[in-house]
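# Structural features, examined
Chain residues, written in single-letter form:
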Amino acid sequence: MEFVKNVPFFSIMLCMISGVTASMLPPKIAKWWTVALAAVVAALNAWLLSYLLSVGESYTYMMGHFPAPWGNELRGGILEALLAVVFSIVLLVSTLGGMQKLEYQVDPHKQNLFCVMLDLVLAAMISMLYTNDLFTGYVFIEIMTLGACVLIMSRQNGRTLVSAMRYMIMSLLGSGLILIAITLTYNLTGHLLMENIQQSFAQLHASGQYEVPITVITGLFFVGLGIKSALFPFHTWLPDAYGYSTPAASSVLSSIVSKAYIFLLMKIFYRVIGMDIIHSSHVMNLLFIFGVAGMILGSLSAIRSHDLRRMNAYSSVAQIGYLYAGIGLGIEAGFVAAIYHMIMHSVAKSSLFIATSGLADASGDSKRFSDLRGAGYRYPAAGICFSVSAMSLVGIPILGGFVSKLYFSQAAFEYGGVHLWVMLSALALSTFLNVLYFMRTVITLYRPPKKGFQPPAFRKDPRTVTALWIMTALNFLVGLLAQPIVMAITRGLRMFA
Amino acid sequence: MTNKQPSLLKRFLGWMNDDESTLDRELTQRLSTPSEESLRELSPEEFDAREAREEKQREDLYLAEQEQFNRIHNWATHKGVAVLNWVYRGLALLVCSFIILFLLRTAVALPPFGAEDNPYNNEVSQRYIESGIQETGAINFVAGMILDYRAFDTFGESTVLFVAACSVIMLLKLGDHSAEHPSAAMLEAEFDDRHHEPKNDEVLQLAAKVLVPVILLFGFYIVLNGHLSPGGGFSGGAVMGAGLMLYLNAFGFEKTSRFFTYKLSRWISYLALMTYAGLKSYSFFTGANHLASGIPLGIPGAILSSGLILPLNVCVGLIVMCTMYTFYSLFRKGGM
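Residues numbered from 1 in each chain as written. Chains lettered and ligands numbered in written order. Predicted model: local features only at pLDDT ≥ 70, side-chain atom pairs only at ≥ 80, totals over all residues. Heavy atoms only, no water.

## Concerning the overall build of chain A
Counting its secondary structure elements, chain A contains 20 helices and two strands. Expressed as lengths along the three principal axes of its C-alpha atoms, the size of chain A is roughly 75 × 55 × 45 Å. Within chain A, buried positions represent 70% of all 497 residues. Pairs at least 24 apart in sequence give 82% of the contacts found in chain A among residues at least 6 apart. For chain A, the accessible area works out to roughly 15,000 Å², and carbon and sulfur atoms hold 68% of it. Between the averaged position of the 31 positive side-chain charges in chain A and that of its 20 negative side-chain charges there is a distance of 15 Å. (Helix = DSSP H or I, 4+ residues; strand = E, 2+ residues; numbered from the N terminus. Buried < 20%, exposed > 50% of the residue type's maximum accessible area, 1.4 Å probe, protein only. Contact = heavy atoms within 4.5 Å. Areas by Shrake-Rupley, 256 points an atom, 1.4 Å probe, with all protein chains shown as cover. Lys, Arg positive; Asp, Glu negative; His and termini not counted. Charge placed at Lys NZ, Arg CZ, Asp CG, Glu CD.)

The structure is reproduced here in structure tokens:
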């Protein structure tokens, strides 16, 4: 076996060992430790990605001395490696960009615990990407839930505590539903390995046995992971959780935590339950409806919010709606568009959160839009980063959002029927709403300040500025490299099924 | 001055500018537009009349706004909350009964409990039962399963415990207890603890003196025999943690800190988790690359047997014990 195939195992163990070690490190070192870890993990996975692209087929990796249905197993493919690279880079830049705020928003004795959670969230995310075993997935869902909760409440004021509590309750409800679904799956198939479950399910489906439990399992997975990833009717925990926590936390939560759950849901649909059963259960239509509703209602809430960070949070609801609508088409093109959107959104949204914290600094920590006027001149890096990522989310060509909207419409055309018109009109309406609230902010940023406005004294932290420029570059990169990324996703998805 | 809603364009522009409420906007507008009267000298009567008029207008505007606010606010606080509560209750009841009904319907459709030809009686559990002893060296199949066949999941679960301990620390830990000047919160916690917890209860102390050594020893026994008999790291660790808590309750923090402190418990759980990670990484790596691990399995039934399961059980036991102790000390006094 080639040595490069050990990469998933190395990256998971490395993340967990460094995460646990970070709890014993002094805070100052722990932060750079996390950045270094993310860089190493990104490099390792990039190595694996290049290998897989040249070989062109996926492989399984035995965790221990026992083969798959008995022991645990990992599975590496182009898609998994690609997403691991993207997410670890995003985590790296978010940590770098949020470091300055972290230093005075989180208790100095507890900053290393924050880094522990960042490392373990990365570990959980990579494990969810690579695992080939349903129960391993559940174990890492637990780690991610607790880690995300700590990230939310790390900045301890009343609002974050309340929102962490709300997140905890809703997220545990989701975990409970997923656990019931896994138990029922084991009861019907006697397996936890994804391929074996799929085979058993296919047999059961062909013979028409246990139709009710299988439908319920599909529904439970969908609702459980939907709650955790803030799908539209279950999104009520999201605005406060993203809006009030420290910037590094909100950007990691919006770009990594929710995406990992969505990826796991795709994996369960594709590799556990099997697309035949999914199509016959019509759960895809439900996903599509919720997704489209999220696209529009999330944007409307964003327009109504007066606080920039809550606006970003509501915009996440809308973007997650895009993802689910793409998945809900149930065809390969829809999945490709959704995964590309996942990459684009995790880059753009983390940039928005970091840039917003910089802009808030430049306007005296005020969240009112009228005080943001001219903040783009006072803090050029943050202003440019915000504008670029907002334009990317709106869908200006060259940037990623345009490409993903293009692929969503293409997928809708391929699907045809009612879905086509619903998808196209939802895309048009949602784009219009996106333009409204994002362009309002961008225009506000570059308007002259009100008379009598005293620009506050603030420090441009070199780490934040570096992170902001890197993020701006990443936004362009995702858009410019759209063709190779989509090619890789398509190849990855083919070897996924 | 009109009371009608402003046009859509105006509202849009207002939204773009992030304007204040209607009242503020009217006032700013009135203050910023110069009236022709102000251009000439005003007689005192005229001035008073104008002041009174403006006062009246301001009052009217204020009253109108206040009335609108009261109408909405009163409705919301008196009726709205009640209505919403009922709606929420009704919906919650509806959703819960739906879920219960669905799950019951599913339970009925599942394979009958304990039947011989159930799907889960397949080659997976067969191998665990039939060749578990030869392959793992553990007489306790469960230990063999969780610490050898599926050790990666168990590593995840131990990390969950560690993460849980870290989240409670994040929430409840009060400052740095080695600092010279304790913070107000720390003094308060100290006072609360003295106030609420019984100290020097002789009955409790006598009971603890007799029980704690037995409990700790029994816990350690369960951990060490994890591969031979029911039990193992998770249950034995819980027993040991309970013994520590009993001691702490009877004798207080000062005496407990002679042999076990918060800091020590953090170090123990860190080192135990690292040992677990190190041992299992070696085993995963050799297994995946088809190398011989060279770990002897020993004779099944002997205390020194079953390869890595014994040390792993000890690690898990220590992690569980320290997590329980950390929880207790944090909930009681913020980890001081």
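## Concerning the state of the cysteines
Enumeration according to the criterion identifies zero disulfides over all chains in this entry. Left without a disulfide partner, C15 of chain A is nearest to the cysteine sulfur of C115 of chain A, which lies 13 Å away. Between C322 of chain B, a cysteine without a disulfide, and C315 of chain B, which holds the nearest cysteine sulfur, the sulfur-to-sulfur distance is 11 Å. (Disulfide = S-S within 2.5 Å.)

## So, the side chain of S254 of chain A
Residues and elements named next belong to chain A. Mapped onto the secondary structure, S254 falls in helix 10 (residues 247-273). Since its relative accessible area comes to 1%, S254 is described here as buried. Setting aside chain neighbours within four positions, we find S254 in contact with Y242, K259, S316, H345, K349 and F353.

## A short note on the pattern of salt bridges
Under the criterion given, the structure shown has 18 salt bridges over all chains. Its salt-bridge partner being D107 of chain A, residue K110 of chain A comes within 4.0 Å of it at the nearest N-O pair. Residue classification places D107 of chain A among the partly exposed residues on the basis of a relative accessible area of 30%. One salt bridge connects K280 of chain B with D148 of chain B, and the closest N-O pair in it is separated by 4.0 Å. Separated by 132 residues along the polypeptide, K280 of chain B in helix 10 (residues 262-288) and D148 of chain B in helix 5 (residues 141-149) bring together distant segments of the chain. Judged by its relative accessible area of 15%, D148 of chain B falls in the buried class. A cluster of three or more residues bridged by salt bridges with shared partners is formed by K31, E103, R459, D461 and R463 of chain A. (Salt bridge = Lys/Arg side-chain N within 4 Å of Asp/Glu carboxyl O.)

## Some details on the side chain of S127 of chain A
All names here are of chain A. With respect to the secondary-structure elements, S127 resides in helix 4 (residues 111-130). Owing to a relative accessible area of 1%, S127 belongs among the buried residues under this scheme. A distance of 2.7 Å separates a polar atom in the side chain of S127 from the backbone oxygen of A123. Not counting residues up to four positions away in its chain, the partners in contact with S127 are I12 and F140. (Polar contact = N/O pair within 3.5 Å; in protein donor to acceptor, adjacent residues only side chain to side chain.)

## Observations regarding the packing of aromatic side chains
We describe a pair of aromatic rings using the distance from one ring centre to the other and the angle between the two ring planes. As enumerated under the stated definition, the model contains 29 aromatic pairs over all chains in all. Following the ring pairs from residue to residue traces out a cluster consisting of F3, F9, F10, Y61 and F140 of chain A together with F152, F284 and F285 of chain B. Above the plane of the ring of W86 of chain B lies R89 of chain B, whose end atom (NZ or CZ) is 5.1 Å from the centre. (Phe/Tyr/Trp six-rings, centres within 6.5 Å; stacked < 30°, edge-to-face > 60°. Lys NZ or Arg CZ within 6 Å of the ring centre and 35° of its normal.)

## Quick look at the confidence of the model for chain B
Note: predicted coordinates in regions of low pLDDT should not be interpreted at a detailed level. Mean pLDDT over chain B: 83, with 88% of residues reaching 70 or higher. Listed scores for the predicted complex are pTM 0.89 and ipTM 0.90. (pLDDT = per-residue confidence, 0-100.)

## Description of the packing of helix 1 (residues 7-22) of chain A against helix 10 of chain B
A pair of packed helices can be characterised by two numbers: the angle between their axes and the separation between those axes. Running from N to C, helix 1 of chain A and helix 10 of chain B point in directions that differ by 170°, and their axes come no closer than 10 Å. In terms of axis orientation, helix 1 of chain A runs roughly antiparallel to helix 10 of chain B. On helix 10 of chain B, the residues that touch F9, F10, M13, I17, V20 and T21 of chain A of helix 1 of chain A are Y270, L273, M274, A277, S281, F284 and F285 of chain B. The class makeup of the residues in the contact of helix 1 of chain A with helix 10 of chain B is eleven nonpolar, two polar and no charged. (Axes fitted to C-alpha atoms, helices over the stretch in contact; angles between N-to-C directions. Parallel < 35°, antiparallel > 145°, perpendicular 65-115°, else oblique. Nonpolar A, V, L, I, M, F, W, Y, C, P; charged D, E, K, R; others polar.)

## Brief notes about the packing of helix 1 of chain A against helix 4 of chain A
Residues and elements named next belong to chain A. Viewed as axis vectors pointing N to C, helix 1 and helix 4 meet at an angle of 160°, and their least axial separation amounts to 8 Å. By the angle between their axes, helix 1 is roughly antiparallel relative to helix 4. Helix 4 is crossed by helix 1, and the crossing has left-handed handedness. Contacts between helix 1 and helix 4 involve P8, S11, I12, C15, M16, S18, G19 and A22 from the first element and N112, V116, D119, L120, L122, A123, I126, S127 and Y130 from the second. Here the residues of the contact of helix 1 with helix 4 are counted per class, giving eleven nonpolar, five polar and one charged. (Left-handed = near helix turned anticlockwise from the far one by under 90°.)

## Remarks on the interface of chain A and chain B
Opposite the 73 residues of chain A that make contact, chain B presents 61 residues. Buried area between chain A and chain B, summed over both chains or domains, comes out near 6,100 Å², and the portion from carbon and sulfur atoms is 69%. In terms of surface lost to chain B, no three residues of chain A exceed M24, F66 and W70 of chain A, which account for 13% of the buried area on that side. For the pair chain A and chain B, the number of links is one salt bridge. The salt bridge partner of R150 of chain B is D133 of chain A, with a shortest N-O separation of 2.8 Å. (Buried area = accessible area lost by both parts, 1.4 Å probe.)

## Details of the pairing of strand 1 (residues 59-63) of chain A
Consecutive side chains of a regular strand alternate in pointing toward one face of the sheet and then the other. All names here are of chain A. Most of strand 1 is tucked away, with four of its five residues classed as buried. Looking at chain direction, strand 1 and strand 2 (residues 72-76) are connected through five bridges and run antiparallel. Across the sheet, M63 pairs through a bridge with N72, a residue of strand 2. (Pairing = 2+ DSSP bridges.)

## Let's talk about helix 10 of chain A
Residue and element names in this part refer to chain A. Taking 1.5 Å of rise per residue, the 27 residues of helix 10 would be expected to cover 39 Å, and the 37 Å separating its terminal C-alpha atoms lies within 8% of that figure. Of all bends in helix 10, the biggest is about 40°, found at L253. In terms of burial, helix 10 is a largely internal element, 27 of the 27 residues being buried. Of the residues trailing helix 10, G274 is marked for its positive phi of about 95°. (Expected span 1.5 Å × (residues − 1). Bend = angle between axes of the 7 residues up to and from the residue.)

## Overview of helix 9 (residues 233-256) of chain B
For helix 9 of chain B, built from 24 residues, the straight-helix expectation of 34 Å at 1.5 Å per residue is missed by more than 12%, its first-to-last C-alpha distance being only 23 Å. The principal kink in helix 9 of chain B, of about 90°, is found at A250 of chain B.

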